[in-house]
Amino acid sequence: MKRTALLFLLCPLLLFLHACVKGEDATDTKQANFEALWRLMDEHYCFFDYKQQEIGLDWNAVHAKYAPQVKEEMTTQQLFEVMANMLAELRDGHVNLGASFDYARNWSYFEDYPINYNDSLIQAVYLGTDYRIASSLYYKSLNDNIGYVRVPSFATGIGHGNVSVVLSDLSLCDGLIIDVRGNGGGKMTNAQTLASHFINERTLVGYSAHKTGKGHSDFSVPKAQYLDPASEGVRWQKPCVVLTNRQCYSAANDFVKCMKTAPRCTLMGDQTGGGSGMPFTSELPNGWSVRYSAVIYYDRDMQHTEFGILPDIPLQMSGADTGRQRDTFIEKAREYLKQQSARN
């Protein structure tokens, strides 16, 4: 994300979101904390309109469902459970409730779907022990001259120098596989640094909009999000495949969104998990932390990616392949890239 874009997003948001729930209602009762949480989400969460459309979410109905469950005589842990269950109705991996004894999270974006990934198989059969490491990029040339880059996370810094070393080392390969399956995210800047080495001109990759008021539909005019090509180092000019699954979330989802605009890139695998809201954190009267999506990121067609991005070529892991120590996704990508190379 460009520094100017960050300033655009954060300055008005900090003014709007900084109001601490603790100051609005300092009464530290169980009912007061429940109401503070419901109101915080009601006024600041960014996906109510979209999720009402997609999954029929009615936040007032959610209040009516869970408010009667809150009793002053219940234990702190019981209150936490009720509030965590209420937040789970949002089906958002960026929404969390934190206390000293637990951290509520929602993994519905991947836990009800096939994993489509076997880390031990990839390590044993494809990476082996002679792969190279550049920051969080694990890479090698496979025996059919297809480059393979495994990106398990965007949490660790990725610099242009790291990416250039990888692409330079694999420059004689006929094509490149970037495997982001299981990547739960990290920093968007790392994801965009990697993606910038696959475009040659300034590219529109999406839009962003932030809350401007307490209403569910109170948003700024969407602002275009551009990705500039890497100004230093190597840019990849050959065919590329990005492998995805439901565990691709947050910054990994943003990476896939950017790579979808790259001219020689093909998305292959399962739909990503999504997670297109920028998370912010606030605090309840009892000191519990609340994390929630506060800024919407769209794709370049102004479509939501909160529930994931569809691949160009859908795949599911084959049990027969796994039994033969083969990763279906990698093998299909190799076949595809060899075909693309033969046409050029």
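Please refer to the structure placed before this passage.
Here is what the cut-offs are and how they apply
Residues numbered from 1 in each chain as written. Predicted model: local features only at pLDDT ≥ 70, side-chain atom pairs only at ≥ 80, totals over all residues. Heavy atoms only, no water. Helix = DSSP H or I, 4+ residues; strand = E, 2+ residues; numbered from the N terminus. Buried < 20%, exposed > 50% of the residue type's maximum accessible area, 1.4 Å probe, protein only. Contact = heavy atoms within 4.5 Å. Pairing = 2+ DSSP bridges. Right-handed = clockwise from strand over helix to strand, strands pointing away. Axes fitted to C-alpha atoms, helices over the stretch in contact; angles between N-to-C directions. Parallel < 35°, antiparallel > 145°, perpendicular 65-115°, else oblique. Left-handed = near helix turned anticlockwise from the far one by under 90°. Nonpolar A, V, L, I, M, F, W, Y, C, P; charged D, E, K, R; others polar. Polar contact = N/O pair within 3.5 Å; in protein donor to acceptor, adjacent residues only side chain to side chain. Core = buried A, V, L, I, M, F, W, Y, C linked by side-chain atoms within 4.5 Å. Arc of directions from axis to C-beta. Phe/Tyr/Trp six-rings, centres within 6.5 Å; stacked < 30°, edge-to-face > 60°. Lys NZ or Arg CZ within 6 Å of the ring centre and 35° of its normal.

A. Layout of the environment of His304. If you trace the backbone, His304 turns up in the loop between β12 (289-299) and β13 (313-314). Its relative accessible area of 24% is what places His304 among the partly exposed residues. Taking the C-alpha atoms as reference, His304 lies 9.9 Å from Tyr207; in sequence the two are 97 residues apart. The contacts of His304, once residues within four sequence positions are left out, are Phe47, Tyr50, Ile296 and Tyr298.

B. Quick look at the environment of Ala84. Within the secondary structure layout, Ala84 lies in helix α6 (residues 76-88). In this structure the C-alpha to C-alpha distance between Ala84 and Val95, which are 11 residues apart in sequence, comes to 9.5 Å. Setting aside chain neighbours within four positions, we find Ala84 in contact with Leu97 and Ala104.

C. View of the pairing of strand β6 (residues 175-179). In terms of residue burial, β6 counts as a mostly covered element, since five of its five residues are buried. Burial along β6 is two-sided: the face carrying Gly175, Ile177 and Asp179 and the face carrying Leu176 and Ile178 are both buried. Alignment of strand β5 (residues 146-150) against β6, held across five bridges, turns out to be parallel. Considered in β6, the bridge of Gly147 is made with Leu176. In this fold, the crossover linking β5 to β6 by way of helix α9 (residues 160-169) has right-handed handedness. Here β6 runs beside strand β9 (residues 240-244); their pairing, made up of four bridges, is parallel. Directly across from Ile178, in β9, lies its bridge partner Val242.

D. Molecular detail of the packing of helix α3 (residues 30-44) against α6. It is the contact of α3 with α6, at a shortest axis distance of 11 Å, that shows an interaxial angle of 20°. Viewed along their axes, α3 and α6 adopt a mutual orientation that is roughly parallel. Pair α3 / α6 crosses with right-handed handedness. For the pair formed by α3 and α6, the contact residues are Lys30, Asn33, Phe34, Leu37, Trp38 and Met41 on the first element and Thr76, Leu79, Val82, Met83, Met86 and Leu87 on the second. Its residues assigned to classes, the contact of α3 with α6 comprises nine nonpolar, two polar and one charged.

E. How the structure looks around the side chain of Asn183. Position of Asn183 relative to the elements: it lies in the loop between β6 and α10 (188-195). Within the structure, Asn183 has its side chain in polar contact with the backbone oxygen of Val151 (distance 3.0 Å). Leaving out residues up to four positions away in the same chain, Asn183 has contacts with Val151, Pro152, Ser153, Phe154, Gln247, Cys248, Tyr249 and Ala252.

F. Quick look at the sheet that holds β5. Ordered in space as β3-β4-β5-β6-β9-β10-β13, the seven strands form an open sheet in which the pairing is mixed. Unpaired on one side and paired on the other, β3 (132-134) and β13 mark the two borders of the sheet. Where β9 lies against strand β10 (residues 265-269), five bridges are found, and the strand directions are parallel. Considered in β10, the bridge of Cys240 is made with Cys265.

G. Representation of the nonpolar core in the model. With 79 residues, the main nonpolar core has Met41, Ile178, Phe198, Val242 and Phe255 as its most contacted residues. Setting aside residues no more than four positions away along its own chain, Phe198 makes contact with Leu167, Leu176, Ile178, Trp236, Cys240, Met259, Ala262 and Pro263. Counting residues in hydrophobic clusters, the runner-up holds 17 residues, among them Leu127, Tyr148, Ile330 and Tyr336.

H. View of helix α8 (residues 119-127). Buried residues of α8: Leu121, Ile122, Tyr126 and Leu127, and no others. Along the long axis of α8, the arc covered by the buried residues comes to 145°, so they all point the same way. What points out from α8, more than 90 degrees from its buried face, is the exposed set Ser120 and Ala124. Contacts from the buried residues of α8 go to β4 (137-141), β5, β6 and α13 (328-343). Looking one or two places after α8, you find Gly128, whose phi comes out positive at around 65°.

I. Seen up close, the packing of aromatic side chains. As enumerated under the stated definition, the model contains 14 aromatic pairs in all. Relative to Phe48, the ring of Tyr45 has its centre 5.1 Å away and its plane inclined at 70°; by these criteria the two rings are edge-to-face. Summarising the burial analysis for this pair, Tyr45 and Phe48 share the class buried. Every member of this aromatic cluster is reached through a ring pair, and the members are Trp38, Tyr45, Phe47, Phe48, Tyr50, Trp59 and Phe307. The ring of Phe307 is capped by Arg91, whose NZ or CZ atom sits 5.3 Å from the centre of that ring. Taking NZ or CZ as reference, Arg246 lies 3.7 Å from the ring centre of Tyr113, over its face.

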